[in-house]
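Structural overview
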Amino acid sequence: DAGITQSPRYKITETGRQVTLMCHQTWSHSYMFWYRQDLGHGLRLIYYSAAADITDKGEVPDGYVVSRSKTENFPLTLESATRSQTSVYFCASSPGLAGSETQYFGPGTRLLVL
Amino acid sequence: SQQGEEDPQALSIQEGENATMNCSYKTSINNLQWYRQNSGRGLVHLILIRSNEREKHSGRLRVTLDTSKKSSSLLITASRAADTASYFCAPGSGNTPLVFGKGTRLSVIA
């Protein structure tokens with residue numbers, strides 16, 4: 001089915017390990033986004049990408065790395081996971097910024113760092 | 001883009017009643033969007049209203065925008081238990097990513 005998917009849906013890892021969260025969209029949207037959602041903070045933007053090979057920092061980028069070699073994929077890597085990165089991570093995509101800012105969200109990945 | 005501030009933080013109503021939630025923002029916008037998030041799920045886009053529009057309808061949803069007051073409201077008529085969710089507004093400036101606030105948590109009691 002067309003849409004935006006995230007994998008894994010649930011992940012438990014240990015402090016210091018590297019973790020990669022995957023995001024895939026089938027609409028060929030230009031823009032893709034990574035958010036984290038924590039109680040009391042709402043959604044916070046981690047990184048976003050305007051196109052393949054173009055990425056930019058959001059509000060809370062520290063400890064995260066992104067890449068976008070293909071339009072449809074936007075993986076998020078936690079290079080050395082910390083307990084403070086325990087959260088729900090959402091990926092989203094959008095056709096563009098100017099006038100077409102509707103974002104389409106994936107189902108989320110629940111990450112627990114022990 | 002700027003963050004919208006939703007008000008109230010939480011709202012509890014009986015099924016069949018109308019639910020109104022508000023959003024305020026600080027600087028000029030191109031559009032404003034409302035999203036819904038059911039527990040544990042991703043946000044779902046509900047409606048987009050452009051800066052030159054004052055009111056927009058979609059099913060049981062009615063959105064108003066007052067650019068002079070820098071505010072918007074979302075009205076859900078004849079609420080159902082399935083409307084229980086968090087609702088977020090997102091003011092859009094047209095050249096930067098949307099910023100989401102903490103939302104309004106709506107509980108519709110059957």
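Data block above holds the structure.
Below: a short report on this structure. Keep in mind that what you see is a predicted model, and the values were worked out from it rather than measured.

Quick notes on the rules
- Residues numbered from 1 in each chain as written.
- Chains lettered and ligands numbered in written order.
- Predicted model: local features only at pLDDT ≥ 70, side-chain atom pairs only at ≥ 80, totals over all residues.
- Heavy atoms only, no water.
- Pairing = 2+ DSSP bridges.
- Helix = DSSP H or I, 4+ residues; strand = E, 2+ residues; numbered from the N terminus.
- Axes fitted to C-alpha atoms, helices over the stretch in contact; angles between N-to-C directions.
- Salt bridge = Lys/Arg side-chain N within 4 Å of Asp/Glu carboxyl O.
- Buried < 20%, exposed > 50% of the residue type's maximum accessible area, 1.4 Å probe, protein only.

A separate point is the sheet that holds strand β3 (residues 19-25) of chain A. Residues and elements named next belong to chain A. Taken together, 4 strands build an open sheet; the order of strands is β1-β3-β8-β7 and the sheet is antiparallel. Looking along the sheet, the strands with just one partner apiece sit at the ends: β1 (4-7) and β7 (64-66). Taken over all neighbouring pairs, the strand axes of this sheet differ in orientation by 20° on average, direction set aside. Pairing geometry for β3 and strand β8 (residues 76-78), over 3 bridges, is antiparallel.

All names here are of chain A. If you walk through the whole model with that rule in mind, you get 5 salt bridges over all chains. Arginine 17 is paired through a salt bridge with glutamate 14; the nearest N and O atoms lie 3.4 Å apart. Given the relative accessible area of 45%, glutamate 14 is considered partly exposed. Two residues, aspartate 38 and arginine 36, come together in a salt bridge whose shortest N-O distance is 2.9 Å. The class for aspartate 38 is buried, based on a relative accessible area of 15%. Three or more residues joined by partner-sharing salt bridges are found here, namely Arg36, Asp38 and Arg44.

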